[in-house]
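Each chain, written out:
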Amino acid sequence: MLIQVDHLFHTYTPGTPLAHTALRGVSVEISAGERIGILGPTGSGKSTLVQHLAGLLEPTDGWVWLDGVAAHERSATARARRRRVGLALQYPEDQIFERTVFREVAFGPRNLGLEEAEIAARVRWALEMVGLDPAAMVERVPFTLSGGEMRRVALASIVSLRPEVLILDEPTAGLDPRGREELLARVLAWQKEAGATLILVSHNLEELARVAERAVVLTEGRVVADGPVRQVLSDGESLRSIGLDVPQPVALLQALRQAGWEVRTDRLLAEEAVDEIARAWALRMGCRRESA
Amino acid sequence: MNMLVPGMYVAADSALHRLDPRVKMGAALLLTALPFAAPGLSSTLLISVFVVAVALLSAAPLSALLRTLRSVFWLGCFMFIFHLFTTPGQPLVAWGTMTVTREGLLAGGMQIYRLCLLVIVASLLTFTTSPSQLAHGLESLLGPLARVGLPVRELAMVLTIALRFVPVFFEEIEKITKAQRARGADVRSGRPWQRVRGWVSVFVPIFVKAFRRAEELATAMEARGFRGAQHRTRLIELRLTRRDLAAALFVLAVGAAALGMDRWM
């Protein structure tokens, strides 16, 4: 599905002393199958933007088009388009309400009007996708689960909608490092298999570097950078100017470069940086041996 | 948040915001009772002019103020219809045993008008007085009752906490509603049973969260050594200034004038 955001403005509680403009003319185009990371400091409008993509908010001005249909409209076509978008808000475990994990994950598919057999198959599949064992989980009471398990159940309840566009707003906030990595790896594997669009909102730059191909940077409700993730995330000056930092591997490589090393600084992942440093090291050693 | 919730405090710096909460609460009480105690046309006019003047002083946006009236729409309709058919007088229209009288129309209209005044006055109080100020004011006003064993300070604490969490509660409802809509829940449209299911999916998480929050708050208060209300000192000490006294006297004068107008005019 093609998502077009066209000069989108959003103001909360307009016309009151609490009025707050979260988006000021955002334009982005997202094609089917892209993996996009949205980053920006707190209060930059990331969450507002993704809620617009799911048609949950009405633009104050501008448009959000899902395959050419306005996302927030009440028409049947708009509703059908919205159903192809799955959005997990921040702390999705807050939305859990059912008596069993099965019913919780089945809520979305049931709202889609699917048959029982299909619903059961989707629940199993969704639980497996987020790394939970369906056989052990389906009868459990969600409120007795651990925080990490509740997060996964909540994400499974979105994934079970089998969206063409999956939007995750800070999905790993509050998870331990291993939980983060595993969850993202699974989401990534699913995205590649299903050919879905993945939109990830995160403060965690390493995480974005690992998952996204393209990065969109928001600050104060405006898009200040939009391009290949490697390019955007290694641009230390721009990132620092809006209060963000470069990923640690980039910071290390930049420091080495300043110390006179011949290294590329657009290596975002730790393992890439290790390879880059090893290559540069071998080169230096080689030079020294030759001159000796 | 997409709306001004009735009863929400709007931080600003206006003459009304700076007034002592006790004066505001007393004035609000007087102004809500007055239209019912002084039902005449001229006194109602006087009170209306005064309320409008106060609203202008409050820096509260007029549209938001008027929007709070929506909360009593059905009550207003009910009251109007009730008066319409039960007031005896000169008949205008009659269906069988039901008669609409000229007096009924007037009385119903006046009743709605008074109800609106009441809501506006109450909203003005909460728009311009922070929850903690309200609680301090109440504590101070009810102070004498502590001697007869009423746990005034504890009540004030309960009130502060309850008021403090009203906006949080509304935000929470909005967030969960969005989350469930994203899962295809029908909260606004759809068949009745679908809507009921939609609302269940919103309210269960809200209650779960509210209980959890209450527990966390209790733990946090205990961890900070909160032990009831004995011998507590306060950050905000209420002190009546000359301006507060002047405002109180002025409100009393308006009240007296309204009552007098009905008697002698």
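Because the structure is predicted, anything quoted here is derived from the model rather than measured. (Residues numbered from 1 in each chain as written. Chains lettered and ligands numbered in written order. Predicted model: local features only at pLDDT ≥ 70, side-chain atom pairs only at ≥ 80, totals over all residues.)

1. Re the interface of chain B and chain A
Then, in step 1: Taken together, the contacts link 25 residues of chain B with 25 residues of chain A.
Then, in step 2: Elements supplying a minimum of two residues to the side of chain B that touches chain A: helix 4 (62–67), helix 8 (152–182) and helix 9 (192–223) of chain B.
Then, in step 3: Per element, the largest residue contribution to the side of chain B that touches chain A is seven residues, and it comes from helix 8 of chain B. (Contact = placed C-beta atoms within 7 Å. Helix = DSSP H or I, 4+ residues; strand = E, 2+ residues; numbered from the N terminus.)

2. Comments concerning the sheet that holds strand 8 (residues 197–201) of chain A
Residue and element names in this part refer to chain A.
Then, in step 1: One open sheet holds the six strands; their spatial order is 6-7-8-3-9-10, and the pairing between them is mixed. Two strands bound the open sheet, and with one partner strand each, they are strand 6 (85–88) and strand 10 (222–228). With strand direction ignored, the average angle separating the axes of adjacent strands in the sheet is 15 degrees.
Then, in step 2: For strand 3 (residues 35–39) and strand 8, the ladder comprises four bridges, and the chain directions are parallel. Across the sheet, the residue bridging to Arg35 is Leu198, located in strand 8. (Pairing = 2+ DSSP bridges. Axes fitted to C-alpha atoms, helices over the stretch in contact; angles between N-to-C directions.)

3. Observations regarding the domain arrangement of chain A
Residues and elements named next belong to chain A.
Then, in step 1: Here chain A is described as being made up of domain 1 (1–84 + 163–240), domain 2 (96–162) and domain 3 (247–292).
Then, in step 2: Inter-centroid distance (C-alpha atoms) of domain 1 to domain 2 is 24 Å.
Then, in step 3: Of the residues lining the interface, ten residues belong to domain 1; the matching set on domain 2 comes to ten residues. (Domains from an automatic or database assignment.)

4. With respect to the nonpolar core
Then, in step 1: A:Leu53, A:Ala156, A:Ile167, A:Leu208 and A:Leu233 are the most contacted members of the largest nonpolar core, which totals 82 residues.
Then, in step 2: The leading source of residues in this core is helix 6 (residues 147–159) of chain A, at seven residues.
Then, in step 3: Once residues lying within four places of it in the same chain are set aside, the contact partners of A:Leu53 are A:Ile3, A:Val64, A:Ala71, A:Val85, A:Ile167 and A:Ile199.
Then, in step 4: B:Leu16, B:Leu19, B:Ala27 and B:Val54 belong to the second-largest nonpolar core, a separate cluster that totals 28 residues. (Core = buried A, V, L, I, M, F, W, Y, C linked by C-beta atoms within 7 Å. Buried ≥ 20, exposed ≤ 12 C-beta atoms within 10 Å, placed from the backbone.)

5. Some details on the pairing of strand 2 (residues 98–101) of chain B
All names here are of chain B.
Then, in step 1: As defined by bridge partners, strand 1 (residues 91–95) adjoins strand 2 across four bridges and the pair is classed as antiparallel. Each residue of the ladder has a partner; that of Pro91, found in strand 2, is Thr101.
Then, in step 2: Here strand 1 folds back onto strand 2, and the loop between the two strands holds two residues, one of which, Gly96, carries a positive phi near 55 degrees.

6. Quick word on the sheet that holds strand 2 (residues 20–30) of chain A
Then, in step 1: The strand order across the open sheet built from four strands is 2-1-4-5 (chain A), with neighbouring strands paired in antiparallel fashion. In the strand order of this sheet, the two ends are held by strand 2 and strand 5 (69–70) of chain A, each with one partner.

7. What to know about the pairing of strand 7 (residues 165–169) of chain A
Residues and elements named next belong to chain A.
Then, in step 1: Strand 7 sits mainly inside the fold: five of its five residues count as buried.
Then, in step 2: Going residue by residue along strand 7, you find Val165, Ile167 and Asp169 tucked away on one face and Leu166 and Leu168 tucked away on the opposite face as well.
Then, in step 3: Sheet topology note: the strand 7/strand 8 ladder contains five bridges and is parallel. Residue pairing across strands places Val165 opposite Thr197, the latter belonging to strand 8.
Then, in step 4: Traced from strand 7 through helix 7 (residues 177–194) to strand 8, the parallel crossover comes out right-handed. (Right-handed = clockwise from strand over helix to strand, strands pointing away.)

8. Regarding unusual backbone geometry
Residue and element names in this part refer to chain A.
Then, in step 1: One non-glycine residue with positive phi stands out, namely Asp67, at about 50 degrees.
Then, in step 2: Here Asp67 lies in the loop between strand 4 (61–66) and strand 5.
Then, in step 3: Here Tyr91, not a glycine, exhibits a phi torsion of approximately 45 degrees, which is positive.
Then, in step 4: If you trace the backbone, Tyr91 turns up in the loop between strand 6 and helix 3 (101–111).

9. So, the confidence of the model for chain A
Then, in step 1: Of all residues in chain A, 98% have pLDDT values of 70 or greater, and the mean over the chain is 91.
Then, in step 2: The secondary structure element of chain A with the lowest average pLDDT is helix 12 (residues 270–291) of chain A, at 83, and the one with the highest is strand 8 of chain A, at 96. (pLDDT = per-residue confidence, 0-100.)

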